[in-house]
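Inside the fold
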Amino acid sequence: MLSMLAETSDTSLPELPDYVRAQGRLRLAFGKGAKSTRVAELSESGGFRIKFPTTADETAEAIIVNTAGGMTGGDVLKLEAEFREGARALVTTQAAEKIHRSLAGETHVSTLLKAGVDAHAVWAPQETILYDGARLTRSLEAEIDPNATA
């Protein structure tokens, strides 16, 4: 039965134009404050946002939210998180990342992490769910100072 459904599914749907694809960019920088780590820089575009829950210690937390709920072919997310000198922070995602079926084009997700001197950087995203027919290109780059922890 499953193979019959796969054989009869219509893949002749028209491609969506680029202007309806999600193009998101997140830039976030943490700096060390007098008593705790603070957000020093923040830039959000597209359907992606960053939320900051209150924390009980000097470590800051940032949660990435995809307002669309998932990504598909042609969608792009570029994330840059910088942990400046002495900053202590955790960056995560609200829920599992969902990469949906793509009729044409790939989903592109790129992450750049930078940790300065004595910074403590935690990158802890939830898992990624790849649906049948999903197409994903992902890159992760990290520039970590020898005196930082990541």
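Details of the structure are given in the entry above.
Residues numbered from 1 in each chain as written. Predicted model: local features only at pLDDT ≥ 70, side-chain atom pairs only at ≥ 80, totals over all residues. Heavy atoms only, no water.

Our focus in this paragraph is the nonpolar core. By size, the foremost hydrophobic cluster in this structure holds 23 residues, and its most contacted members are Leu26, Phe30, Phe83 and Val91. When residues of this core are traced back to their parent elements, those giving at least two are β1 (23-32), β3 (48-51), β4 (60-66), β5 (76-83), β6 (88-93) and β8 (107-115). Sorting elements by how many residues they give to this core places β5 first, with four residues. In contact with Phe83, other than residues within four places in its own chain, are Phe30, Ala89, Val91, Leu113, Lys114, Ala115, Gly116, Ala119, His120, Ala121 and Val122. (Core = buried A, V, L, I, M, F, W, Y, C linked by side-chain atoms within 4.5 Å. Buried < 20%, exposed > 50% of the residue type's maximum accessible area, 1.4 Å probe, protein only. Helix = DSSP H or I, 4+ residues; strand = E, 2+ residues; numbered from the N terminus. Contact = heavy atoms within 4.5 Å.)

Once that is clear, we can look at the sheet that holds β4. Pairing in this open sheet of four strands is mixed, and the strands run β3-β4-β6-β9 from one edge to the other. Only two strands of the sheet have a single neighbouring strand rather than two, namely β3 and β9 (120-124). Pairs of neighbouring strands in the sheet enclose a mean axial angle of 20°, with direction left out of account. Here β6 runs beside β9; their pairing, made up of five bridges, is parallel. The residue bridging Thr92 from the neighbouring strand is Ala124, located in β9. (Pairing = 2+ DSSP bridges. Axes fitted to C-alpha atoms, helices over the stretch in contact; angles between N-to-C directions.)

As enumerated under the stated definition, the model contains one aromatic pair in all. An angle of 25° between the planes, with centres 5.5 Å apart, marks the rings of Phe30 and Phe83 as stacked. With Phe30 in strand β1 and Phe83 in strand β5, this pair connects stretches of sequence that are 53 residues apart. Of the two residues, Phe30 and Phe83, neither departs from the other in class, the shared state being buried. (Phe/Tyr/Trp six-rings, centres within 6.5 Å; stacked < 30°, edge-to-face > 60°.)

For Asp118, which is not glycine, the phi dihedral falls at a positive 60°. Within the secondary structure, Asp118 is located in the loop between β8 and β9.

Another point: the side chain of Asp75. Along the chain, the position of Asp75 falls in the loop between β4 and β5. For Asp75, the side chain forms a polar contact with the main-chain nitrogen of Thr72, separated by 2.9 Å. (Polar contact = N/O pair within 3.5 Å; in protein donor to acceptor, adjacent residues only side chain to side chain.)

Across the sheet, five strands lie side by side as β2-β1-β5-β8-β11; this open sheet has mixed pairing. Single-partner strands in this sheet number two, and they are β2 (37-45) and β11 (136-144). Geometrically, the sheet is characterised by an average inter-axis angle of 10° between neighbouring strands, direction not taken into account. Summarising the sheet, β1 and β2 pair through eight bridges and their orientation is antiparallel. When the bridges of β2 are listed, Arg27 appears paired with Ser43.

A few words now on the environment of Arg27. Along the chain, Arg27 turns up in strand β1. Judged by relative accessible area, which is 16%, Arg27 ranks as buried. Separated by 54 residues in sequence, Arg27 and Ala81 have C-alpha atoms that sit 6.0 Å apart. When residues no more than four places from it in sequence are discounted, the contact partners of Arg27 are Glu41, Leu42, Ser43, Glu80, Glu82 and Arg84. Among the polar contacts listed, one links the side chain of Arg27 to the side chain of Glu80, at a separation of 3.3 Å.

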